[in-house]
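Report on the structure
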Amino acid sequence: MRARNPLNIGAAARAMSNFGFNSLRLVNPYKLAFRDARSAVGGSAVLKSAEEFGSVADAVADCTLVVGTTAVGQRSLQRPIEILGEPTARAVREHLQTGRVAMLFGSEKTGLSNDDFSHCQWLLRIPTSEQNISMNLGQAVAVCLYEIGRSAPCQSVTEVTPATAGDLEKITQCLMESLRLSGYVKPGTAELFEKKTRQLLLRMKLEAYDAKLLLGMVRQILWKLEQPGESNA
């Protein structure tokens with residue numbers, strides 16, 4: 001997320017290569033930093049295949065689990081916060097058996113924003129000393145991937161296919177438009193309602209089929225609301 005330091009991008013790519021992860025996605029990276037990072041020793045293969053996106057929604061669209069990282073500090077976060085360790089690492093590995101998992105890391109200067117957090121099912125914190133809670137971006141990536149990589153995969157594989165973040169975002173946007181047309185969303189509250197709607201859908205843990213069904217329902221409601229001269233009562 002908006003990474004600026006080429007050393008951090010290179011370190012993150014190298015850590016991914018060390019622990020067997022290869023899908024690096026950068027959201028609005030500092031252009032000079034990203035270009036310089038391509039020469040990082042040990043991370044060239046990961047950096048070569050790295051993808052750039054203009055928003056978090058686009059970057060995580062095909063993911064079934066989105067985990068944001070945070071040092072918390074003095075921030076008030078209305079999201080479940082888990083501590084990095086065996087249970088959380090295993091949960092990530094279990095999700096990897098049925099779909100893609102996105103681990104979001106914020107910029108060196110500001111971390112992840114509240115809007116970024118709205119795309120996450122839960123947040124992850126590395127158990128650092130309270131005297132110095134903030135970690136270097138490259139180090140944080142390495143620590144998280146090490147813990148996830150050493151967690152033994154679950155033996156049982158479920159046949160359930162979770163809905164992707166892209167599926168849920170389509171429902172969110174369609175539902176928001178319906179709420180605007182119906183008058184439920186008042187002027188000046190759209191941004192707050194969008195975040196709350198997105199989080200509500202994430203908590204529902206929809207399967208892919210259910211997400212498709214719900215999207216069809218909401219689209220039909222929106223279509224009806226958009227018809228001119230008809231009563232929607």
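Presented here is a report on the structure given in the accompanying data block. Predicted, not measured: the structure shown is a model, and the values here were computed from it.

**So, the overall build of the chain**
- Within the chain one finds 10 helices and 6 strands.
- In the chain, which comprises 233 residues, the share counted as buried stands at 41%.
- Of all intrachain contacts in the chain linking residues separated by at least 6 positions in sequence, the fraction that spans at least 24 positions is 83%.
- Counting every atom, the chain has about 13200 Å² of accessible surface; 53% of that belongs to carbon and sulfur.

**Quick look at the pairing of strand β5 (residues 100–104)**
- With 4 of 5 residues buried, β5 lies mostly within the body of the structure.
- Where strand β3 (residues 63–69) meets β5, 5 bridges bridge the pair, whose relative direction is parallel. Among the inter-strand pairings, leucine 65 is bridged to a residue of β5, identified as valine 101.

**Remarks on the packing of aromatic side chains**
- Inspection of the entire model under this criterion finds 2 aromatic pairs.
- Judged by centre distance (5.6 Å) and plane angle (70 degrees), the ring pair of tyrosine 184 and phenylalanine 193 falls under edge-to-face.
- Using a relative accessible area of 51% as the deciding quantity, one classes tyrosine 184 as exposed.
- Residue phenylalanine 193 is classed as partly exposed on the basis of its relative accessible area of 25%.

**Concerning unusual backbone geometry**
- Even without being glycine, asparagine 28 reaches a positive phi, approximately 50 degrees.
- Within the secondary structure layout, asparagine 28 lies in the loop between β1 (25–27) and α2 (31–37).
- Of note in this structure, lysine 205 is not a glycine but carries a positive phi near 50 degrees.
- Its location among the elements puts lysine 205 in the loop between α9 (190–204) and α10 (208–226).

**A short note on α9**
- The terminal C-alpha atoms of α9 lie 21 Å apart, and with 15 residues this matches the ideal 21 Å at 1.5 Å per residue to within 8%.
- Every buried residue belonging to α9 is among Glu194, Lys195, Thr197, Arg198, Gln199, Leu201 and Leu202, and all of these are buried.
- Against the buried residues of α9 lie α6 (114–117), α8 (165–182) and α10.
- Following α9 by one or two positions, lysine 205 has its phi on the positive side, about 50 degrees.

**A closer look at the packing of helix α1 (residues 6–18) against helix α7 (residues 137–150)**
- It is the contact of α1 with α7, at a shortest axis distance of 8 Å, that shows an interaxial angle of 15 degrees. Here α7 runs roughly parallel to α1, going by the angle between their axes. Crossing of α1 over α7 shows right-handed handedness. Contacts between α1 and α7 involve Asn8, Ala11, Ala12, Ala15 and Met16 from the first element and Leu137, Gly138, Val141, Ala142 and Leu145 from the second.
- Tallied by class, residues from the contact of α1 with α7 come to 8 nonpolar, 2 polar and no charged.

**Points about the packing of α8 against α9**
- Their axes nearest at 10 Å, the elements α8 and α9 cross at an angle of 135 degrees. One way to sum up the angle between α8 and α9 is to call them oblique. Crossing hand, α8 versus α9: right-handed. Along the contact surface, α8 presents Leu168, Glu169, Ile171, Thr172, Gln173, Leu175, Met176 and Arg180, while α9 presents Ala190, Phe193, Glu194, Thr197, Arg198, Leu201 and Leu202.

**Notes on the nonpolar core**
- Membership of the largest hydrophobic core comes to 27 residues, with the highest contact counts inside it found for Leu24, Met103, Phe105, Leu124, Val141 and Cys144.
- Among the secondary structure elements, those contributing two or more residues to this core are α1, α3 (44–48), β3, α5 (86–96), β5, β6 (122–125) and α7.
- The dominant element in this core, judged by the number of residues it contributes, is α7, at 6 residues.

Rules used throughout
- Residues numbered from 1 in each chain as written.
- Predicted model: local features only at pLDDT ≥ 70, side-chain atom pairs only at ≥ 80, totals over all residues.
- Heavy atoms only, no water.
- Helix = DSSP H or I, 4+ residues; strand = E, 2+ residues; numbered from the N terminus.
- Buried < 20%, exposed > 50% of the residue type's maximum accessible area, 1.4 Å probe, protein only.
- Contact = heavy atoms within 4.5 Å.
- Areas by Shrake-Rupley, 256 points an atom, 1.4 Å probe, with all protein chains shown as cover.
- Pairing = 2+ DSSP bridges.
- Phe/Tyr/Trp six-rings, centres within 6.5 Å; stacked < 30°, edge-to-face > 60°.
- Expected span 1.5 Å × (residues − 1).
- Axes fitted to C-alpha atoms, helices over the stretch in contact; angles between N-to-C directions.
- Parallel < 35°, antiparallel > 145°, perpendicular 65-115°, else oblique.
- Left-handed = near helix turned anticlockwise from the far one by under 90°.
- Nonpolar A, V, L, I, M, F, W, Y, C, P; charged D, E, K, R; others polar.
- Core = buried A, V, L, I, M, F, W, Y, C linked by side-chain atoms within 4.5 Å.

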